[in-house]
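Coordinate analysis (summary)
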Amino acid sequence: MIQSLKLKIKAVFIVGATLSMLAACSVEPSVNVKHYRLPHLNQPTQGYCDTQTRLVSIDAGIGQDGVMVQESDLLMVEARNNRWLGGLESQLQNSLQRQLTERCEQPLRVTLMQFYGNTQGEAVVAGFWRYQPASEAMIEGAFEQRVPLNDDGYDGLVRALDRAWLNSLADIEQAIKK
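Throughout what follows, the structure given in this document is the object of discussion.

Reading the values: rules and limits
- Residues numbered from 1 in each chain as written.
- Predicted model: local features only at pLDDT ≥ 70, side-chain atom pairs only at ≥ 80, totals over all residues.
- Heavy atoms only, no water.
- Helix = DSSP H or I, 4+ residues; strand = E, 2+ residues; numbered from the N terminus.
- Expected span 1.5 Å × (residues − 1).
- Buried < 20%, exposed > 50% of the residue type's maximum accessible area, 1.4 Å probe, protein only.
- Contact = heavy atoms within 4.5 Å.
- Core = buried A, V, L, I, M, F, W, Y, C linked by side-chain atoms within 4.5 Å.

**Brief notes about helix α3 (residues 153-177)**
In this model α3 runs 37 Å from its N-terminal to its C-terminal C-alpha over 25 residues, within 8% of the 36 Å that 1.5 Å per residue would give. Along α3, the residues classified as buried are Gly156, Leu157, Val158, Ala160, Leu161, Asp162, Ala164, Trp165, Ser168, Leu169, Ile172 and Ile176.

Okay, structure coming up:
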């Protein structure tokens, strides 16, 4: 009886181990997800404006987490394995707060409508902004930047998007200083 119990336990163990090994073999291999941060955010900054006076919003169509690529005039694809660290809106918000720090008490709102790469090898950044200087009429404008990619792949795209975004912020800064 003890011998038969030992055989049953051994059989259960062998079957369990075999099933575990089969299950492990059938699982898809883990994919290496890359998380991107806009390169200029790695640089030191002179200061920050409050989120109440510097606000970014992004159109839902340009993605929140994955890097976007326009594959045709109809098709936009959000990358599964090439993601924005902490989300795109968070990075752009951080950027706006640290890049345009002059006259922090005066509200600046930036709405991003496009932030993607295309098959022509460009990074595209476009949207509009509104600025309310103290005791003056509101100033507003639109921006669009198309920056060629210097390198292939997602690394090249993120660097080009970073340049296009910084160019857009420089244009906004010039317009509100007038």
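**Focus: the environment of Glu89**
Residue placement: Glu89 occurs in helix α2 (residues 88-99). For the pair Glu89 and Asp65, spaced 24 residues apart in sequence, the C-alpha separation works out to 8.7 Å. The contact partners of Glu89, leaving out residues within four places of it in the chain, are Val56, Ser57, Ile58 and Gln64.

**A few points about the nonpolar core**
In terms of nonpolar packing, the biggest core is built from 32 residues, with Trp84, Leu92, Val110, Leu112, Phe115, Trp165 and Ile172 touching the most fellow members. Mapped by element, the contributors of at least two residues to this core are β2 (54-58), β3 (66-70), α2, β5 (108-118), β6 (122-131), β7 (139-148) and α3. Sort the elements by how many residues they give to this core and α3 lands first, with 9 residues. Apart from residues no more than four positions distant in its own chain, Leu112 is found in contact with Ser57, Ile58, Asp59, Ile62, Leu92, Val125, Ala126, Gly127, Phe143 and Trp165.

**A short note on unusual backbone geometry**
The backbone phi angle of Arg103 is positive, close to 55°, even though this residue is not glycine. Mapped onto the elements of the fold, Arg103 is located in the loop between α2 and β5. Residue Ser135 is not a glycine yet carries a positive backbone phi of 50°. In this fold, Ser135 is placed in the loop between β6 and β7. Of the residues examined, Ser135 reaches a relative accessible area of 83% and is grouped as exposed.

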